[in-house]
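Geometric and topological summary
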Number of protein chains: 4
Amino acid sequence: MTKNKIILATINNFSTHGYHGATMSKIAKEVDIKPASLYYFFESKEDLFKQAIQVILDNHFSSMKTSFFNHKKENITNLFSELFRSIVYHHTSNIVETKAYVTMVSSPIPNIKKEVSEYLVQYNEWLLKNLTGVIKGQYTNLDEHTIRKIIDYFIFIGNGLFWGIVIYDQEGIHKNLTQAIYSMEQYITETLRSENYAK
Amino acid sequence: MTKNKIILATINNFSTHGYHGATMSKIAKEVDIKPASLYYFFESKEDLFKQAIQVILDNHFSSMKTSFFNHKKENITNLFSELFRSIVYHHTSNIVETKAYVTMVSSPIPNIKKEVSEYLVQYNEWLLKNLTGVIKGQYTNLDEHTIRKIIDYFIFIGNGLFWGIVIYDQEGIHKNLTQAIYSMEQYITETLRSENYAK
Amino acid sequence: MTKNKIILATINNFSTHGYHGATMSKIAKEVDIKPASLYYFFESKEDLFKQAIQVILDNHFSSMKTSFFNHKKENITNLFSELFRSIVYHHTSNIVETKAYVTMVSSPIPNIKKEVSEYLVQYNEWLLKNLTGVIKGQYTNLDEHTIRKIIDYFIFIGNGLFWGIVIYDQEGIHKNLTQAIYSMEQYITETLRSENYAK
Amino acid sequence: MTKNKIILATINNFSTHGYHGATMSKIAKEVDIKPASLYYFFESKEDLFKQAIQVILDNHFSSMKTSFFNHKKENITNLFSELFRSIVYHHTSNIVETKAYVTMVSSPIPNIKKEVSEYLVQYNEWLLKNLTGVIKGQYTNLDEHTIRKIIDYFIFIGNGLFWGIVIYDQEGIHKNLTQAIYSMEQYITETLRSENYAK
DNA sequence: CATGAATGAGATTTCATTCAT
DNA sequence: CATGAATGAAATCTCATTCAT
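Model, not experiment: these values are computed from the prediction. (Residues numbered from 1 in each chain as written. Chains lettered and ligands numbered in written order. Predicted model: local features only at pLDDT ≥ 70, side-chain atom pairs only at ≥ 80, totals over all residues. Heavy atoms only, no water.)

This part takes up the overall build of chain A. Looking only at helices and strands, chain A has 9 helices and 0 strands in total. Overall, chain A is about 65 × 30 × 30 Å in size when its C-alpha atoms are taken along their principal axes. Scored against the burial criterion, the 199 residues of chain A give a buried share of 51%. Of the contacts made within chain A by residues no fewer than 6 positions apart, 72% connect residues no fewer than 24 positions apart. On chain A, roughly 9800 Å² of surface is accessible, and the fraction owed to carbon and sulfur atoms is 51%. For chain A, the distance from the average site of its 21 positive side-chain charges to the average site of its 20 negative ones is 3 Å. (Helix = DSSP H or I, 4+ residues; strand = E, 2+ residues; numbered from the N terminus. Buried < 20%, exposed > 50% of the residue type's maximum accessible area, 1.4 Å probe, protein only. Contact = heavy atoms within 4.5 Å. Areas by Shrake-Rupley, 256 points an atom, 1.4 Å probe, with all protein chains shown as cover. Lys, Arg positive; Asp, Glu negative; His and termini not counted. Charge placed at Lys NZ, Arg CZ, Asp CG, Glu CD.)

Opposite the 36 residues of chain B that make contact, chain A presents 36 residues. Summed over both sides, the interface between chain B and chain A buries roughly 2900 Å², with carbon and sulfur atoms accounting for 60% of that surface. The interface formed by chain B and chain A contains 2 salt bridges. Note that Asp152(A) and Lys175(B) form a salt bridge whose closest N and O atoms lie 2.8 Å from each other. At the boundary of chain B with chain A, the tally comes to 10 residue pairs in polar contact (both at pLDDT 80 or more). Within the residue set of the side of chain B that touches chain A, elements represented by two or more residues are helix H1 (2-21), helix H6 (95-106), helix H8 (144-167) and helix H9 (170-194) of chain B. No other element matches H8(B), which puts 12 residues into the side of chain B that touches chain A. Its residues assigned to classes, the side of chain B that touches chain A shows 17 nonpolar, 15 polar and 4 charged. (Buried area = accessible area lost by both parts, 1.4 Å probe. Salt bridge = Lys/Arg side-chain N within 4 Å of Asp/Glu carboxyl O. Polar contact = N/O pair within 3.5 Å; in protein donor to acceptor, adjacent residues only side chain to side chain. Nonpolar A, V, L, I, M, F, W, Y, C, P; charged D, E, K, R; others polar.)

On to the relation of the copies chain C and chain D, then. When chain C is fitted to chain D, the residual RMSD is 0.1 Å, and the transformation amounts to a turn of 180° plus an axial shift of 0.1 Å. Viewed as a symmetry operation, the transformation between the two copies matches a two-fold axis. Relative to the rotation axis, the closest C-alpha in chain C is found at Gly160(C), a distance of 1.6 Å. A share of 100% of interface residues in chain C that are also interface residues in chain D marks the association as one of identical surfaces. (Least-squares fit on C-alpha atoms with pLDDT ≥ 70 in both.)

Looking now at the packing of helix H8 (residues 144-167) of chain A against helix H9 (residues 170-194) of chain A. All names here are of chain A. Close contact between H8 and H9 brings their axes to 9 Å; oriented N to C, the two are set at 170°. In terms of orientation, H8 lies roughly antiparallel with respect to H9. Within the contact between the two elements, H8 uses Thr 146, Lys 149, Ile 150, Tyr 153, Phe 154, Ile 157, Gly 160, Leu 161, Gly 164 and Ile 165 and H9 uses Ile 173, Asn 176, Leu 177, Ala 180, Ser 183, Met 184, Tyr 187, Ile 188 and Thr 191. Counted by class, the contact of H8 with H9 contains 12 nonpolar, 6 polar and 1 charged residues. (Axes fitted to C-alpha atoms, helices over the stretch in contact; angles between N-to-C directions. Parallel < 35°, antiparallel > 145°, perpendicular 65-115°, else oblique.)

With that settled, consider the interface of chain C and chain D. Interface size is commonly expressed as the accessible area that is lost once the parts come together. Listed by partner, the interface residues are 36 residues for chain C and 36 residues for chain D. Buried area between chain C and chain D, summed over both chains or domains, comes out near 2900 Å², and the portion from carbon and sulfur atoms is 60%. Where chain C meets chain D, there are 2 salt bridges. Linking chain C to chain D there are 10 residue pairs in polar contact (both at pLDDT 80 or more). With 12 residues, helix H8 (residues 144-167) of chain C is the single largest residue contributor to the side of chain C that touches chain D.

The sites that carry the UniProt feature "domain: HTH tetR-type" (unreviewed entry) are, in the present numbering, residues 1-60 of chain A. Between the first and last C-alpha atoms of residues 1-60 of chain A the distance is 21 Å; the span itself is 85% helix and 0% strand. (UniProt positions renumbered as here; feature names shortened; annotations may be inferred.)

This part covers helix H2 (residues 24-31) of chain B. All names here are of chain B. For H2, every residue scored as buried is listed here: Met 24, Ile 27, Ala 28 and Val 31. Projected down its long axis, H2 shows its buried positions confined to an angular sector of 100°, all on one face. The inward-facing, buried residues of H2 contact H1, helix H3 (35-41) and helix H4 (45-69). At the C-terminal side of H2, Asp 32 shows a positive phi close to 65°. (Arc of directions from axis to C-beta.)

All right, on to the protein's contact with DNA strand E then. Close contacts around DNA strand E come from 27 residues, with Ser37(B), Tyr40(B), Met24(C), Tyr39(C) and Ser37(D) the closest. Looking at DNA strand E alone, sugar and phosphate atoms form 75% of those within 4 Å of the protein. With respect to DNA strand E, the side chain of Ser37(B) contributes an N or O atom lying 2.6 Å from a phosphate oxygen. In the environment of DNA strand E, a phosphate oxygen lies 2.5 Å from a nitrogen or oxygen atom belonging to the side chain of Tyr39(C). (Near = heavy atom within 4 Å.)

Residues and elements named next belong to chain C. Put simply, helix H6 (residues 95-106) and H8 touch, their axes get as near as 10 Å, and they point 110° apart. The angle between H6 and H8 places the two elements in the roughly perpendicular class. Of the two possible hands of crossing, H6 and H8 adopt the one that is left-handed. Of the residues in H8, those in contact with Ile 95, Thr 98, Lys 99, Tyr 101 and Val 102 of H6 are Phe 162, Trp 163, Ile 165 and Val 166. Here the residues of the contact of H6 with H8 are counted per class, giving 7 nonpolar, 1 polar and 1 charged. (Left-handed = near helix turned anticlockwise from the far one by under 90°.)

Now for the protein's contact with DNA strand F. Lining the immediate environment of DNA strand F, one finds 26 residues, of which Ser37(A), Tyr39(B), Lys45(B), Ser37(C) and Tyr40(C) sit closest. Sugar and phosphate atoms constitute 74% of the interface atoms of DNA strand F, taking the interface as everything within 4 Å of the protein. Contact distances for DNA strand F include 3.1 Å between a phosphate oxygen and a backbone N or O atom of Lys34(A). Counting only elements with at least two residues in the surface near DNA strand F, the list comes to helix H3 (35-41) of chain A, H2 and H3 of chain B, helix H3 (35-41) of chain C together with helix H3 (35-41) of chain D. Broken down by class, the residue content of the surface near DNA strand F amounts to 14 nonpolar, 8 polar and 4 charged.

This next bit is on the pattern of salt bridges. Considering all chains together, one arrives at 24 salt bridges over all chains under this definition. Counted as one network, the salt bridges with shared partners bring together Arg148(A), Asp152(A) and Lys175(B).

The subject of this paragraph is the relation of the copies chain B and chain A. When chain B is fitted onto chain A, the two copies agree to an RMSD of 0.1 Å after a turn of 180° and an axial shift of 0.1 Å. A share of 100% of the interface residues of chain B reappears at the interface of chain A, consistent with the copies meeting face to face through the same patch.

Right, let's get into the side chain of Ser183(C). Along the chain, the position of Ser183(C) falls in helix H9 (residues 170-194). Looking at Ser183(C), its side chain comes within polar contact range of the side chain of Tyr153(D), at 2.4 Å. Once you skip the residues sitting within four places of it in the chain, Ser183(C) turns out to touch Tyr153(C), Ile157(C), Tyr153(D), Ile157(D) and Ser183(D).

What follows covers the nonpolar core. Membership of the largest hydrophobic core comes to 131 residues, with the highest contact counts inside it found for Phe84(A) and Phe84(B). The biggest single contributor to this core is H8(B), with 13 residues. Those residues in contact with Phe84(A) that lie beyond four places of it in its chain are Phe154(A), Ile157(A), Gly158(A), Leu161(A), Leu177(A), Ala180(A), Ile181(A) and Met184(A). Core analysis: the second largest hydrophobic core is formed by 130 residues, Ile7(C), Ile135(C), Leu38(D) and Ile150(D) among them. (Core = buried A, V, L, I, M, F, W, Y, C linked by side-chain atoms within 4.5 Å.)

Our next topic: the packing of aromatic side chains. Following the criterion strictly, the structure yields 74 aromatic pairs over all chains and no others. Seen in terms of ring centroids, Tyr153(C) and Tyr187(C) are 3.9 Å apart; in terms of plane orientation they differ by 5°. Their pairing is stacked. Taken together, the residues span a long stretch of sequence, with Tyr153(C) in helix H8 and Tyr187(C) in helix H9 at a distance of 34 residues. With relative accessibility at 9%, the residue Tyr187(C) sits in the buried group. Grouped by ring-pair contacts, the aromatic residues Phe61(A), Phe68(A), Phe69(A), Tyr119(A), Tyr123(A) and Trp126(A) constitute a single cluster. Of note, Lys65(A) hangs over the ring of Phe61(A), and the distance from its end group to the ring centre comes to 4.6 Å. (Phe/Tyr/Trp six-rings, centres within 6.5 Å; stacked < 30°, edge-to-face > 60°. Lys NZ or Arg CZ within 6 Å of the ring centre and 35° of its normal.)

Here is the structure:
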């Protein structure tokens, strides 16, 4: 479908050239149509980019949801490992969208900032709520504050993993994944021990 | 000095609008001169951006060198904490340059990619060499491979810290700094223990 | 057709203002379109001028071919007169192209020199071959060297005629034409006599 | 002297790039000064070019005068040969000025046309007057009309020679010179014979 | 004399957009 | 659906010129 191809070409161009560098011509050429034809599907460049970014965010959300709900959640350390793996899998399989996201964060598109930050807030709330739920389900005695600290640490380590995906190659990313999993395991072990926690 | 002001305005505009969004007009307006005057100091937009980026990279390097050599290096855990603190300090004090760097990585400026990757290689080598030196000086029995793993982990955690600087506010960054320091301490402790190492 | 009109306006402006003096604005104004529209038909100013010059050269070649092949070639003196007449006719009817050609020779367009010199070489070869053929057909005993001398003289006299077309008015040009025809007749008569030639 | 060097650089640039292509920067660079310095010597670009062109015309006139008055004028055929030789010598030694002249004729400089055409009129009158004088001195019976025809033919042949100087190399030019001398000799011989003239 | 610094005007070119077909 | 043709606005860049030093 042409409209879809246009969105993909838009994401592709945006990720490597930024908003102003991603011209309607380049996008049209990638889809093998003329620039004038883009206006049959989209009202304007801004409209096109708004929709394209929505696709990136939707993909990200559904990818994260899928991996979250596909997991058995018997073991929390295991869950974090799985989530890290999902993050790596999602972002490496969609490296173009990932770089587009980074571009979005660093040089935000005029008039589209809002959508992105709203998504981030929404995503974080979702993640927080669900992770909290799972952890509570397994470690019933852990207080809210400790749970929050674990999730925060997970996000912190996830950030390192994320930036690694952007700047490293396959090999480097894999090394980071191992480090992330190890780090999280350590953190949980330590936390549980210091909390004098018994499952 | 006009030339300097132009460079600063360029970094500023580049960091928020990307290469194509940072127009010569916007830059000139920020310096309160006319666009034509930019060409007295720089041959072309590309030339201007090349020099601006060189400034960013030079600043980063000298900032890292300063913080590295100003430290006493009596205690390695301490050194890593100090370096993390320096990273945070440098990037938060130069948030514009930092965002410019992220923009550079995600949507690289045509014909300037090379300079940036060359810098990264050079910086990594410098970091590796010096950190290796310090660690060796303090833990004389640690083998190369273990030292390398420690440094790799340091870089991995530093990446999380870095990305946090880009996307969080003061408070979030400070939280990340604590997490990073803790994480590194843990890692070193564990490593030394598992190596059955006695200083 | 717009593209054609643009080419004509280009030749026109080039012939009187030279390459740098013939601006895209002037050309567009002459065609009654906006400068930006020129870029729908031509990639760049250089591209436009390349094509315009090709038109001049093509016109010249086809004009010369037509007049050469339309002639009966029974009498060689007559042929030369006819060719002179054709030169005058072609250049006075296309005085703009002719002046453009002179401009081209004196202040060549950057990166377009090659096309012009290649054309000149090609045209000279064509002229030489065909004139040689006709002369040989009529004066079977004339040796190659003599034929070549006659053609060279024809070209020499043609050059005087050509420059006269550029700098004189109708009357002056006509006077030159008479002189050229006379000169060529004399030369052939003298040459045949001195070669003791009998047809 | 700087002013002189500027004039030479102007002629040089004008001859190869035309008026609009000969920029103040290029001229300044050739003299190894800054563009701003040109304005110490000349009021404006137009002023500079006016003076430069005056130099070309003055050089041409004095060169022609010298060669005319240095000749013994015993033999008219000889005089024409000498004048042709002078033309060739002057223009090949000053090929840059010559090409500048051609550029001037084909793409005249705005507001400077007048000076050039006035010079041409003046030069032609001078040439006519002096040649007429010499011819009359030697062939006292020749009527004005015949003299004028000879001079006209001389100019016509000179034009072929001139254009040859512009487009040919050393060898081609020399061949043209021979042809021109021969042509003029023939013409005079024929004219005298047909006028049934006895010196 | 000479130039560093600056600029208005204008040149070439790009780009998002429109609209008739 | 798609595009050929066109354009206003703006971007990059050039150029002649000025003026204080």
